[in-house]
Amino acid sequence: MGVRLTVSNIYKNYNGIPLFENCSYTIDRSGVYVLMGPNGSGKSTFLRMCALLENPDRGEINYFEGNRALPKDINLMRRITLLLPEVGVFNTTVFKNVAYGLKIRGFKNNKIKEKVEETLQFVGLIHKKEQNALTLSTGEKKRMGIARALVLEPEVLFLDEPTASVDWKNTEIIENIIIQLKQRLNSIIIIATHDKESTKRVGDFLLYIREGKIYKEHPDKQIP
Amino acid sequence: MNFLLESFKQAINLILNLDRELLQIIFLSLKVSGIALLIATVIGVPVGAFVGLKKFIGRGLLITTLNTFMGLPPVVVGLFLYLMLSRSGPLGFLSLLYTPTAMIIAQTILAFPIVAALTHSAVVRVTPVIKLASRTLGATSFQTTLTVIKEARYGIISAVIAALGRVMAEVGAILIVGGNIAGYTRVMTTTIAMETDKGNFELAMALGIVLLLISLMINFFMFLIQKKGVKEAQQWE
């Protein structure tokens, strides 16, 4: 049984501007959720709060397994992962960047090698595994960031603007990765994006932030 | 001019013949400075990283103090240590005055603020997204700190090399607490000062050449590290 994400009556101000007011939402099914909303509506803040990197001003964000609320500790943090808009590339090789999460979890070297190489193959970066990750293009850095998250097989994966500032070729590759992920991982994947077309291509569900609350729409619905 | 040239020739002879006294002085210098640098690094890097990464009351004051102490006058450190270690001082019972240990303590006091302050600068220059990325991948607070330190490695290595340059060239503090005892606490800088006073320029000049060569090597090494750091920083843009 997978985890369930519950957002209960949250309030959040950012630099004095109210972003969320008494917002509640539950995600209890695996699939790709695309989160949309105008600039400054709080998409990134929402993802950071759900990834437990930031607290709401009021209200609660919880993860449940069955009826049991999971304690917000390092064990839970290691079941969820967020890809930041700026990937946060470590100054080392692509291989070591992707291996990072496994290394800190204490995986053995041969297992790390096997998993990292398989994931790099999946995102199409295996030929660059020994290259310093800082030398990758923006699109490749995003793909490496996705690989770095994917290798951990998270139960909940947040992708914040995965195709922003990325050329069409890398956008297509990233979208294909996400589409294949649906079959590969039985996870909740939440993507914050501005790209309406991308929403239709990859999303199972459309979430929309309006006036501080989250609404669920059909992916084909025209969003203003 | 002839006198200078003659002294220089004899100095080169001393170096080429691996003069026993010369080697002993060089070895003690490297030993004292090396141990002092090691201690200053072991304490200074975590302190610098902690100040750079954590917010606490008095942080600003601590940063200002570390920056100020980077320019500590060695003779003041020597005087302070002398008063502490002399027989009538509070640590006189340790009988450390005029020993290599006292010299190591003096040099550690001089090197520590340099390592800590420059480590702090290197750590705060690491982009905050690295810290956040580390947390999103499931790192504990300690693992995140280690990751940031690793990202700041070129700055930290430069800090350690800068501190080595400072302790190798230092004379005031070790002269006061070491006493320049032949075969026991006599190091390169104190010997140069003493031999120059005596008008015995050959040994002073030979040691001066060795000291300059060491300084040159340190600076060259620092240049290589900075070049690598700048090259990698440019890749961020």
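These figures come from a predicted structure and were not determined experimentally.

1. Describing the overall build of chain A
Phase 1 of the analysis: When its secondary structure is counted, chain A shows seven helices and ten strands.
Phase 2 of the analysis: Whereas a compact globule of 224 residues would reach a radius of gyration of roughly 17 Å, chain A reaches 17 Å, a difference of no more than 12%.
Phase 3 of the analysis: Projected onto its principal axes, the C-alpha coordinates of chain A cover approximately 50 × 40 × 35 Å.
Phase 4 of the analysis: Per-residue burial for chain A yields a buried fraction of 56% across its 224 residues.
Phase 5 of the analysis: The long-range share in chain A, meaning contacts at least 24 apart out of those at least 6 apart in sequence, stands at 68%.
Phase 6 of the analysis: When the accessible surface of chain A is split by element, carbon and sulfur atoms take 47% of a total near 10,300 Å².
Phase 7 of the analysis: Taking the average location of the 33 positive side-chain charges in chain A and that of its 26 negative ones, the two points are 4 Å from each other.

2. Some details on the sheet that holds strand E1 (residues 4-14) of chain A
All names here are of chain A.
Phase 1 of the analysis: Strands sit in the order E2-E1-E4-E5 across an open sheet of four strands; the sheet is antiparallel. Two strands lie at the open edges of the sheet, namely strand E2 (17-27) and strand E5 (68-69), each paired on one side alone.
Phase 2 of the analysis: Two elements, E1 and E2, share seven bridges in a ladder whose sense is antiparallel. Bridging from a neighbouring strand, Asn-13 pairs with Pro-18 of E2.
Phase 3 of the analysis: Along the sheet face, helix H1 (residues 43-50) touches E1, E2 and strand E4 (58-65) and points at about 130 degrees away from the line of E1.

3. So, the interface of chain B and chain A
Phase 1 of the analysis: Counting residues at the interface gives 19 residues for chain B and 26 residues for chain A.
Phase 2 of the analysis: Note on chain B versus chain A: buried area summed over both sides is about 1,900 Å², and carbon and sulfur give 59% of it.
Phase 3 of the analysis: For the interface between chain B and chain A, the tally reads zero salt bridges.
Phase 4 of the analysis: One can count nine residue pairs in polar contact (both at pLDDT 80 or more) joining chain B with chain A.
Phase 5 of the analysis: Among the elements of the structure, helix H6 (128-136), helix H7 (141-151) and helix H8 (153-169) of chain B are those that each provide at least two residues to the side of chain B that touches chain A.
Phase 6 of the analysis: When residues of the side of chain B that touches chain A are assigned to their parent elements, the largest contribution, seven residues, is made by H6(B).
Phase 7 of the analysis: Residue composition of the side of chain B that touches chain A, grouped by class: eight nonpolar, seven polar and four charged.

4. Quick notes on the sheet that holds strand E9 (residues 205-210) of chain A
Residues and elements named next belong to chain A.
Phase 1 of the analysis: Strand order across the open sheet formed by six strands is E6-E7-E8-E3-E9-E10, with mixed pairing between neighbours. A strand with exactly one partner marks an edge of an open sheet, and here the two such strands are strand E6 (80-83) and strand E10 (213-217). Across this sheet, the average inter-strand angle for adjacent strands is 20 degrees, counted without regard to direction.
Phase 2 of the analysis: Bridging between strand E3 (residues 31-36) and strand E8 (residues 188-192) involves five bridges; their strand directions are parallel. The partner of Val-34 across the bridge, within E8, is Ile-191.
Phase 3 of the analysis: Its contacts with the sheet place helix H5 (residues 138-150) against E6 and strand E7 (156-160), and it is angled at close to 175 degrees to E6.

5. A short note on the packing of helix H3 (residues 59-69) of chain B against helix H5 (residues 100-125) of chain B
Residue and element names in this part refer to chain B.
Phase 1 of the analysis: Two elements in contact, H3 and H5, have axes separated by 8 Å at closest approach and are oriented at 125 degrees. Classed by the angle they form, the pair H3 and H5 counts as oblique. The handedness of the crossing between H3 and H5 is left-handed. Of H5, the residues touching H3 (which contributes Arg-59, Ile-63, Leu-66, Asn-67 and Phe-69) are Phe-112, Pro-113, Ala-116, Ala-117, His-120 and Val-124.

6. Thoughts on a positive patch on the surface
Residue and element names in this part refer to chain B.
Phase 1 of the analysis: Positive charge collects at one region of the surface, where Lys-54, Lys-55, Lys-131 and Arg-135 lie side by side.
Phase 2 of the analysis: When you line up the elements, Arg-135 lands in helix H6.
Phase 3 of the analysis: Classification of Arg-135 by relative accessible area gives partly exposed; the value is 32%.

7. Notes on the pattern of salt bridges
All names here are of chain A.
Phase 1 of the analysis: Under the counting rule described, the total for this entry stands at 13 salt bridges over all chains.
Phase 2 of the analysis: Between Asp-57 and Lys-12 there is a salt bridge whose closest N-O contact spans 3.9 Å. Taken together, the residues span a long stretch of sequence, with Asp-57 in the loop between H1 and E4 and Lys-12 in strand E1 at a distance of 45 residues.
Phase 3 of the analysis: Residue classification places Lys-12 among the buried residues on the basis of a relative accessible area of 8%.
Phase 4 of the analysis: A salt bridge links Glu-140 to Lys-128; its shortest N-O distance comes to 2.8 Å.

8. Thoughts on the environment of B:Pro100
All names here are of chain B.
Phase 1 of the analysis: Turning to its location among the elements, Pro-100 is positioned in helix H5.
Phase 2 of the analysis: Distance in space between the C-alpha atoms of Pro-100 and Val-32 is 6.8 Å, their sequence separation being 68 residues.
Phase 3 of the analysis: Ignoring sequence-local partners within four residues, the contact set of Pro-100 consists of Val-32, Tyr-184 and Thr-185.

9. Some details on the packing of helix H4 (residues 109-123) of chain A against H5(A)
All names here are of chain A.
Phase 1 of the analysis: One can describe the packing of H4 onto H5 by two numbers: an axis separation of 9 Å at closest approach and a directional angle of 140 degrees. When the axes of H4 and H5 are compared, the pair comes out oblique. Here H4 and H5 pass one another in a crossing that is right-handed. Residues Thr-119, Leu-120, Phe-122 and Val-123 of H4 touch H5, and the partners they reach there are Arg-143, Ala-147 and Leu-150.
Phase 2 of the analysis: Taken together, the residues that form the contact of H4 with H5 break down as five nonpolar, one polar and one charged.

The rules behind each value
Residues numbered from 1 in each chain as written. Chains lettered and ligands numbered in written order. Predicted model: local features only at pLDDT ≥ 70, side-chain atom pairs only at ≥ 80, totals over all residues. Heavy atoms only, no water. Helix = DSSP H or I, 4+ residues; strand = E, 2+ residues; numbered from the N terminus. Rg over C-alpha atoms; globule rule 2.2 N^0.38 Å. Buried < 20%, exposed > 50% of the residue type's maximum accessible area, 1.4 Å probe, protein only. Contact = heavy atoms within 4.5 Å. Areas by Shrake-Rupley, 256 points an atom, 1.4 Å probe, with all protein chains shown as cover. Lys, Arg positive; Asp, Glu negative; His and termini not counted. Charge placed at Lys NZ, Arg CZ, Asp CG, Glu CD. Pairing = 2+ DSSP bridges. Axes fitted to C-alpha atoms, helices over the stretch in contact; angles between N-to-C directions. Buried area = accessible area lost by both parts, 1.4 Å probe. Salt bridge = Lys/Arg side-chain N within 4 Å of Asp/Glu carboxyl O. Polar contact = N/O pair within 3.5 Å; in protein donor to acceptor, adjacent residues only side chain to side chain. Nonpolar A, V, L, I, M, F, W, Y, C, P; charged D, E, K, R; others polar. Parallel < 35°, antiparallel > 145°, perpendicular 65-115°, else oblique. Left-handed = near helix turned anticlockwise from the far one by under 90°. Patch = residues over 30% accessible without salt bridge, like charges linked within 9 Å, V, L, I, M, F, W, Y side chains within 5 Å.

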